[in-house]
Amino acid sequence: MKAGSAAVDAMMTVEPFTRLSESAKSRIADTIQTFNLDIGHRILRNDELPAYVYLIIRGEVRLLGEYENEGMITLAKRGTGQLFGWVSLLRGKSCETIQVSKDVKALGIPSQVFVEICKKEEEF
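It should be emphasised that the depicted structure is a prediction, and the values quoted were computed from it without experimental measurement.

Participant: Please explain the overall build of the protein as it appears in this structure.
Facilitator: Broken down by element type, the protein carries four helices and six strands. The N-to-C order of helical and strand elements in the protein reads α-α-β-β-β-β-β-α-β-α. Taken over the C-alpha trace, the protein has a radius of gyration of 14 Å; the compact-globule value for 124 residues is 14 Å, and the two agree within 12%. Dimensions of the protein along its principal axes, counting C-alpha atoms only, are 45 × 30 × 20 Å. Looking at the protein as a whole, 40% of its 124 residues qualify as buried. Considering only intrachain contacts with a sequence separation of at least 6, the fraction spanning at least 24 residues in the protein is 71%. Surface accessibility of the protein: about 7100 Å² in total, with carbon and sulfur atoms responsible for 47%. Here the protein contributes 16 positive and 17 negative side-chain charges, whose respective centroids are spaced 2 Å apart.

Here it is in structure tokens:
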């Protein structure tokens with residue numbers, strides 16, 4: 001679902017988005033999506049590059065990691081204002097597993113737009 005202008009404006013008050021040029025902000029505003037995700041939903045997997053970079057507006061996620069053949073364990077919890085998905089994109093190799101632990105509302109920037117902005121916006 002396309003994000004509303006209030007959501008986009010809110011995103012632009014969070015670092016590093018405050019450092020963007022007006023043209024980059026406009027590019028994000030034209031492509032940003034809103035996601036409502038339920039508990040248990042796996043947002044990112046460590047075996048595929050993300051389609052979006054996400055900013056949590058409300059809720060909580062768990063950063064997961066594999067532990068000595070015992071399965072996935074929680075490494076950290078992240079909530080409102082946290083940005084994720086960007087590490088895998090900038091590395092060019094997936095490395096994040098993120099799962100919803102409390103219902104989440106998030107804004108998502110398409111990966112190709114995020115990478116494009118990173119290349120063009122030195123301050124970002």
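On we go.
Participant: Teacher, can you tell me more about a nonpolar patch on the surface here?
Facilitator: A surface patch of nonpolar side chains, amounting to about 280 Å² of accessible area, comprises Y67, I73 and L75. Positionally, Y67 belongs in the loop between β3 (52-66) and β4 (72-78).

Participant: Looking at this structure, I do not really get the nonpolar core. What am I missing?
Facilitator: One broad rule of soluble globular proteins: the nonpolar side chains tend to lie buried together. By size, the foremost hydrophobic cluster in this structure holds 17 residues, and its most contacted members are M11, F17, L20, I28, I32, I109 and I117. Those elements giving two or more residues to this core turn out to be α1 (5-11), α2 (22-31), β3, β6 (97-110) and α4 (111-120). For this core, the element with the highest residue contribution is α4, accounting for three residues. Non-local contacts of F17, meaning those with residues more than four positions away in its chain, are made with M11, M12, K25, I28, L83, I109 and F124.

Participant: Looking at this structure, how should I read α2?
Facilitator: Quick reminder: α-helices carry 3.6 residues per turn. Residues three or four places apart thus point the same way. Along α2, the residues that are buried comprise A24, K25, I28 and T31. The buried residues of α2 occupy an angular sector of 140° when the element is viewed end-on, so they sit on one face. Within α2, the exposed residues directed more than 90 degrees away from the buried face are E22, S23 and D30. Tucked inside the fold, the buried residues of α2 contact α1, β1 (33-37), β6 and α4.

Here is what the cut-offs are and how they apply
- Residues numbered from 1 in each chain as written.
- Predicted model: local features only at pLDDT ≥ 70, side-chain atom pairs only at ≥ 80, totals over all residues.
- Heavy atoms only, no water.
- Helix = DSSP H or I, 4+ residues; strand = E, 2+ residues; numbered from the N terminus.
- Rg over C-alpha atoms; globule rule 2.2 N^0.38 Å.
- Buried < 20%, exposed > 50% of the residue type's maximum accessible area, 1.4 Å probe, protein only.
- Contact = heavy atoms within 4.5 Å.
- Areas by Shrake-Rupley, 256 points an atom, 1.4 Å probe, with all protein chains shown as cover.
- Lys, Arg positive; Asp, Glu negative; His and termini not counted.
- Charge placed at Lys NZ, Arg CZ, Asp CG, Glu CD.
- Patch = residues over 30% accessible without salt bridge, like charges linked within 9 Å, V, L, I, M, F, W, Y side chains within 5 Å.
- Salt bridge = Lys/Arg side-chain N within 4 Å of Asp/Glu carboxyl O.
- Core = buried A, V, L, I, M, F, W, Y, C linked by side-chain atoms within 4.5 Å.
- Arc of directions from axis to C-beta.

As far as function goes, none of this settles anything; it's purely spatial.
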